[in-house]
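Survey of secondary and tertiary structure
Listed here are the chains, written in short residue letters.
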Amino acid sequence: MRFFQGIDWILFFPMLFLTSLGILMIYSTSIEANGVDYTFVSRQTIYLLLGLLIFFIVSRIDYKLISSFSYLMYALVIALLLTTFFYGEITRGSRRWIDLGIITIQASEVAKPVIILTLSSFFSRFSPKDLKNVIVSFLIVAVPAALVFIQPDLGNAVIIMSLWAVLVFGAGVKILHAASLVFIALVLLPLSWFFLEDYQKERLLTFLSPERDPHGSGYNLVQSIIAVGSGGLKGRGFGRGTQSHLNFLPEQKTDFIFATTAEELGFFGVSIILGAFGFIIYRTLVAVNKAADIQGSIISLGVAAMIAIHLFINIGMNIGIFPVTGITLPLISFGGSSLISVMFSLGLVNSVSSFSKKSH
């Protein structure tokens, strides 16, 4: 069919595999003593179908046309983040979601692909070799990052600022300017401690010493490490994870779905998952080289960085090498905002590959 022309199937099938696996793992964690609670499974299936539709539509639209609306989308993201701050639903002490009745939106997830698009538009017109442009790009990203930080959501604020750093380097910032930025960041980093909420400080201290409060702030981390370790090479089997099914492991459908998966599918299963992510990141980097202009290169690099950073932090916090920050595992964790944002982003990558090919 003509609608499917130009689709990068090497990108699509690993994406479909991971999203399908995510639904299977959500199903596994929904098995209860008296049957299966299909609430989360059905919701994630709807998110997946909507994400697939968005992926195919975005893949068929020239990324330059989509980027032409980036500043409008940026303004809408700022509006969403402000709405979240004032009217967002409070969950575990944070305002991160806007409840629209039928669906809830996590604006910080929506912000990431929009920031990538906005920076790609900005750097296509203004060279990062000029320090003034680097500072302006920082301010563009700092506004949504600050609004995410005060929700409070340290993890996503860090990812947003990390995306800026990757794209500034990728766009060609001068080495002297880059070194200066790194130096300033290292100097200011200790000051960030004073802006953290008490529970965020406790998470960092627990990360450094999980055993200091194994039944309190260190509970999630300890249970996650136990789940990952108990999976061994082959895993306990689908639906047989004791940490998740006996409810020792919290947030097993979202933040700690990697630990659930590692316990049930083991090292071999996790290796296949990492291989699928590797294919996706590889294809996004191929699109960086294929791109006909800097705009396409920055979009593809940004999407690769977004997925890789999410993957690195989520797995890191599941195995105890990073503090618990509430970062999702892309394409697998439950959540419509995260899933659709990533699939939209991969649609952009497909668009870069497809329309760059046509322009040659």
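The structure we're discussing is the one just above.
Rules of the game
- Per chain, residue numbering runs from 1 following the sequence as it is written.
- This being a predicted model, a pLDDT of at least 70 is required before a residue's local features are given, and a value of 80 or more before pairs of side-chain atoms are given or counted; all residues contribute to the totals for chains, interfaces and linings.
- Only hydrogens and water are set aside when side-chain values are computed; all heavy atoms of the structure are taken into account.
- Any two strands with at least two DSSP bridges between them are considered paired.
- What counts as a helix is a DSSP run of H or I of at least four residues, what counts as a strand is a run of E of at least two, and both are numbered from the N terminus.
- By definition, residues are in contact when any of their heavy atoms lie within 4.5 Å.
- Where helices are involved, their axes are fitted lines through C-alpha atoms of the stretch in contact, as for all axes, and angles between N-to-C directions lie from 0 to 180°.
- Pairing of aromatic rings covers Phe, Tyr and Trp, the last through its six-membered ring, and needs centres within 6.5 Å; plane angles under 30 degrees mean stacked, over 60 mean edge-to-face, and all others mean tilted.
- Classification of residues uses two cut-offs on accessible area relative to the type maximum, computed with a 1.4 Å probe and protein chains only: under 20% is buried, over 50% is exposed, and between them is partly exposed.
- Multiply 1.5 Å by the residue count of a helix minus one, and that product is the helix's expected span.
- We define the bend at each residue as the angle formed by axes fitted to the 7 residues ending at it and the 7 residues starting at it.

1. Overview of the sheet that holds strand 5 (residues 104-105)
As summarised here, the arrangement of the three strands in space is 3-4-5, forming an open sheet in which the pairing is antiparallel. Looking at strand neighbours, the two that pair on one side only are strand 3 (89-91) and strand 5, the edges of this open sheet. Looking at chain direction, strand 3 and strand 4 (residues 94-99) are connected through three bridges and run antiparallel. Residue T91 lies in a different strand from strand 4, and its bridge partner there is S94. Packed on one face of the sheet, helix 4 (residues 70-87) meets strand 3 and strand 4 and runs near 110° to strand 4.

2. A closer look at the packing of aromatic side chains
One pass over the structure, following the stated rule, counts 16 aromatic pairs. Between the aromatic rings of F55 and F56, the centroid separation amounts to 5.5 Å while the plane-to-plane angle is 75°, which identifies the pairing as edge-to-face. We classify F55 as buried; its relative accessible area is 0%. Aromatic side chains F86 and Y87 sit 6.5 Å apart centroid to centroid with 55° between the ring planes, which places their arrangement in the tilted category. The exposure classification of F86 matches that of Y87, with both residues exposed. Taken together, the ring pairs in this structure connect W9, F12, F13, F55 and F56 into an aromatic cluster.

3. Describing the environment of W164
On the secondary structure map, W164 appears in helix 7 (residues 154-171). Note on W164: relative accessible area 9%, which makes it buried. W164 sits 26 residues away from F138 along the chain, and the two C-alpha atoms are 7.1 Å apart. Discounting residues that sit within four places of it in the chain, W164 has contacts with L119, V134, S137, F138, V141 and L181.

4. Description of the pairing of strand 4
Bridging between strand 4 and strand 5 involves two bridges; their strand directions are antiparallel. Note on strand 5: the bridge partner recorded for D99 is T104. What sits between the antiparallel neighbours strand 4 and strand 5 is a turn of four residues, in which G101 has the positive phi angle 90°.

5. A short note on helix 12 (residues 257-290)
Counted at 1.5 Å a residue, the expected span for helix 12 with its 34 residues is 50 Å, but the 34 Å between its end C-alpha atoms falls short. At G266, helix 12 shows its strongest bend, of approximately 120°.

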